[in-house]
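Listed below are the residues making up each chain.
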Amino acid sequence: RREREFLAARARPAESGMFIKQVILEGFKVYKERVEIDFTNKHNCVVGANGAGKSNFFLAIQFVLGDVGLHNLRAEERKALLHEGAGSHVLSAYVELVFDNSDGRLPVDRAEVRLRRTIGLKKDEYFLDRKHLTKTEVMSLLESAGLSRANPYTIVQQGKVARLAVMSEAQRLDSLLEIAGTRVYDEKRFESQRILRETDARRAKIEETLGYINDRMAELEAERTELAEFQALDRKRRVCEHAYHERELARARAELEALDARRTQSSQRCDAKLKDEKAAVAQALKYEARLRAAASEGESARAASTASRSEAERCMGSVARLELTLEQAAADAREASSERKSKEAELGELEAAAADARTELAALKPRFDKAQKQEAETGRECEGVAAELAELYSREAHGTRFKDKVERDKHLKKEAETLRKQIKAREAELDSLRNKLTNEAQIAERRGKEAETVRRSLAEARGEADARKVSASALRKQRDEAIEARKSLWRREEELRKDAEGSADELTAASGLLTAAASRAQWHAIKAVRRLAAQHQLNGLHGTLLELFACDAKFFTAVEVSASNQLFNIVVDDDATAAKLVDLLRAEGGGRATFVPLSQLRSQALPAYPDSQDAISLLSRLRFDPRFEPAVRQVFRKALVCRNMTVASRYAKSHELDCVTLDGDTVSRRGALTGGFHDATRSRMAAQAKIGETEARAASLRDEQAALGVQALAADQAVSKLLGELQREEALLTRATHASEQLAIDAVSAAQRAGGGRGGGG
């Protein structure tokens, strides 16, 4: 039995009425391949055998017009509408109706309007002239043209005419009211009233929010004024700090110069003291030489004293002999006279010897005057002895002076005893002088050792002062180098900060360009997806397809034309992540987005590309992570870049590929040609490339800023450490300088004490 089903899709009752010009199906029910069926503005009849697809064709039109039962479809219902025949599995299907809108019945400023509904396992979308619309917008558009879902007779199906004939009058009246659209009016009136109530509530809330915003704006304005004042004062503070630091630096430099001058003067004084010390040491050596000379002279004096004692003893012997001679004096006067002459000669010799001794004693220095005087007294005593001898000789000559020999002997013994006492007293004085000379020599030796110790300490102090001076100079040099390095780091940090601000401005500009290239609703949905993924910690989000691949700049236009809005498809790991994000978008009202689950994509075989220098596969010119190859291949596997439109037309027909030129002109594998001007300044690929480049540069700048922050901190610590070491070294230098000065003074005092001690000993 042939089953006939008539489609009452009213062509148009008059020449100017709206009608369906064409129906296009692909992947829907029994229609796996693309099918295009044209209609006229007259009555059209679809005839076919059982199973030919008449009911599915009729269902396709109902599917697009949103008939009751086909408006909101569940996943299993959408899957039932997909083609399930032999061969590869169909993932999506669409039905497109082409309306003749010459009379403007549809509120669209075009004579031909294309309405397409696309479904998949997880999507159900409407497109009006390739522009995405929501179901509500599509239903409103159809209702404005009189195609209301509430009107059951917009599409008259098989059996409805018979049911209409057997209806009661009340039922028929209800049907007429439905056909007239009164129910739609009532529904719209109630909906409008609800919207008015919601609008009033939102207006009140908005007014409240505006009041809060105005108050907040006033607070922010006050804070802005305070901030401006703070910034002005902060600038003044920085200027004052800079001036203060400059003044402190100048003062420190002046103090440093004064310290250097003082150090120079101290060095000069130390040099002068060193010269004085050397002169004092030389003078001390001279004094020591003179002391040794004086000691040798003292030895000579002691030798002379010994000789004098020997002479005195000899004189005593002579006295004894004289006594013997006196005994014989009476006997031999002539012999006595010759003996007297002999004694007088000996007395002359003694006087000459005494004169020589006096001459030697006169040569001693003033500091040995006391010893010289004692030696002189000894000489005078010797002279006295000589005088006494002369007197004895005279007495011998005048023997008649004494009464007898006993009286004479008694007198001579008395004189001899007196001479012995005087000689013993002189010997005691000579021993005392020798002891004093020994003590003075020990004192001089001790003071010489003290002077040597002071000289060694002075040399060590000067060596330490010189070492401290060299160390302080090295530390000053290191401090200056560290300060200069820190200034260099500060300058580089300022340069990096300016570069980072410039990168941020460039990133904002590139993001704005990319935002302008997409529709406002689409970009709002993408931003909402990113925010929700971060908020709910969803790790399966990879970003838009545009962000996941790159290519050379000359292919930007070809890529954008080939992919179109698919560049903003959001790539996720699996359908669970996509479903979660869809639920979050629906709950928040964040718009609509298209997700591409990588787990659901199968690696499709690449078509046979032509082996020619005039055409290349666009997919081969893209750079991407292998993980995202299924998503990129799904969009670009049938895209071919051709040299010109002639080559594109040839290969589109022979290889069934979508061909595109570098200028953006396209030839579809279905035969459609598209071309014209393409604004390269609004390129989404260029904007994304600029964003990637700017983000990489910003990341590099952040890393360098972090490294410079560490280096600047280390430089600050090094400067602080060097300043502390320099202060400590300068303090040690000052201490060493003062110690060397004090030691120089001590050396001079020691030399003076040594000289004074020797002078006192003399």
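Residues numbered from 1 in each chain as written. Predicted model: local features only at pLDDT ≥ 70, side-chain atom pairs only at ≥ 80, totals over all residues. Heavy atoms only, no water.

## Overview of the side chain of threonine 118
- Along the chain, threonine 118 turns up in strand β4 (residues 112-120).
- Here threonine 118 falls in the buried class, since its relative accessible area comes to 9%.
- Residue contacts for threonine 118: discarding those within four places in its chain leaves Ala93, Tyr94, Lys123, Asp124, Glu125 and Phe127. (Helix = DSSP H or I, 4+ residues; strand = E, 2+ residues; numbered from the N terminus. Buried < 20%, exposed > 50% of the residue type's maximum accessible area, 1.4 Å probe, protein only. Contact = heavy atoms within 4.5 Å.)

## Section: the sheet that holds β4
- Spatially, six strands are ordered β2-β1-β3-β4-β5-β6 in an open sheet, and the strand pairing comes out antiparallel. Strands with a single pairing partner mark the edges of an open sheet, and in this sheet they are β2 (35-38) and β6 (131-133). The mean inter-strand angle of the sheet, taken between neighbouring strand axes irrespective of direction, is 20°.
- Where β4 lies against strand β5 (residues 124-128), five bridges are found, and the strand directions are antiparallel. Residue pairing for β5: isoleucine 119 is matched across the bridge by aspartate 124.
- Here helix α3 (residues 135-144) sits on the sheet in contact with β4, β5 and β6, set at roughly 45° to β5. (Pairing = 2+ DSSP bridges. Axes fitted to C-alpha atoms, helices over the stretch in contact; angles between N-to-C directions.)

## What to know about the nonpolar core
- Phe549, Val559, Phe595, Leu622 and Phe636 are the most contacted members of the largest nonpolar core, which totals 45 residues.
- Leave out the neighbours within four places in its chain, and valine 559 touches Phe549, Cys551, Ser564, Leu567, Leu618, Leu622, Phe636 and Met685.
- Formed by 36 residues, the second largest nonpolar core is a distinct cluster that contains Phe58, Leu73, Ala93 and Leu115. (Core = buried A, V, L, I, M, F, W, Y, C linked by side-chain atoms within 4.5 Å.)

## Points about the packing of helix α10 (residues 520-535) against helix α12 (residues 575-588)
- Across the interface, α10 lies against α12 with an axial gap of 10 Å and an inter-helix angle of 110°. Considering their axes alone, α10 and α12 lie roughly perpendicular with respect to each other. Between α10 and α12 the crossing geometry is right-handed. Facing α10, whose interface residues are Ala525, Ala528, Val529, Arg531, Leu532 and Ala533, α12 presents Leu581, Leu584, Leu585 and Glu588.
- Residues belonging to the contact of α10 with α12 are distributed by class as follows: eight nonpolar, no polar and two charged. (Parallel < 35°, antiparallel > 145°, perpendicular 65-115°, else oblique. Left-handed = near helix turned anticlockwise from the far one by under 90°. Nonpolar A, V, L, I, M, F, W, Y, C, P; charged D, E, K, R; others polar.)

## Notes on the pattern of salt bridges
- With the rule as written, the count across this model stands at 37 salt bridges.
- Of the charged contacts in the structure, one is a salt bridge between glutamate 96 and arginine 114, with a shortest N-O distance of 2.8 Å. Of this pair, glutamate 96 sits in strand β3 (residues 92-100) while arginine 114 sits in strand β4, and the two are 18 residues apart along the sequence.
- On the basis of relative accessible area, glutamate 96 is assigned to the buried category, the value being 6%.
- Residue class for arginine 114 comes out partly exposed when judged on its relative accessible area of 31%.
- Of the charged contacts in the structure, one is a salt bridge between arginine 491 and glutamate 484, with a shortest N-O distance of 3.6 Å.
- By relative accessible area, which is 41% here, glutamate 484 ends up partly exposed.
- Linked by salt bridges that have partners in common, Lys21, Glu96, Glu112, Arg114 and Arg116 make up one network. (Salt bridge = Lys/Arg side-chain N within 4 Å of Asp/Glu carboxyl O.)

## Remarks on the packing of aromatic side chains
- Under the defined criterion, the tally for this structure stands at three aromatic pairs.
- With a centroid separation of 5.2 Å and 35° between ring planes, the pair formed by phenylalanine 28 and phenylalanine 63 is classed as tilted. Of this pair, phenylalanine 28 sits in the loop between β1 (19-26) and β2 while phenylalanine 63 sits in helix α1 (residues 54-65), and the two are 35 residues apart along the sequence. Neither residue differs from the other here; phenylalanine 28 and phenylalanine 63 are each classed as buried.
- Here phenylalanine 549 and phenylalanine 636 contribute two aromatic rings whose centre-to-centre distance is 5.5 Å and whose plane-to-plane angle is 70°, an arrangement assigned as edge-to-face. With phenylalanine 549 in strand β8 (residues 549-550) and phenylalanine 636 in helix α13 (residues 629-636), this pair connects stretches of sequence that are 87 residues apart.
- In this structure phenylalanine 549 comes out as buried when scored by relative accessible area, which is 6%.
- The ring centre of tyrosine 94 lies 3.9 Å from the NZ or CZ of arginine 116, which sits over that ring.
- Its guanidinium or amino end placed over the ring of tyrosine 651, arginine 650 lies 4.9 Å from that ring's centre, counting from NZ or CZ. (Phe/Tyr/Trp six-rings, centres within 6.5 Å; stacked < 30°, edge-to-face > 60°. Lys NZ or Arg CZ within 6 Å of the ring centre and 35° of its normal.)

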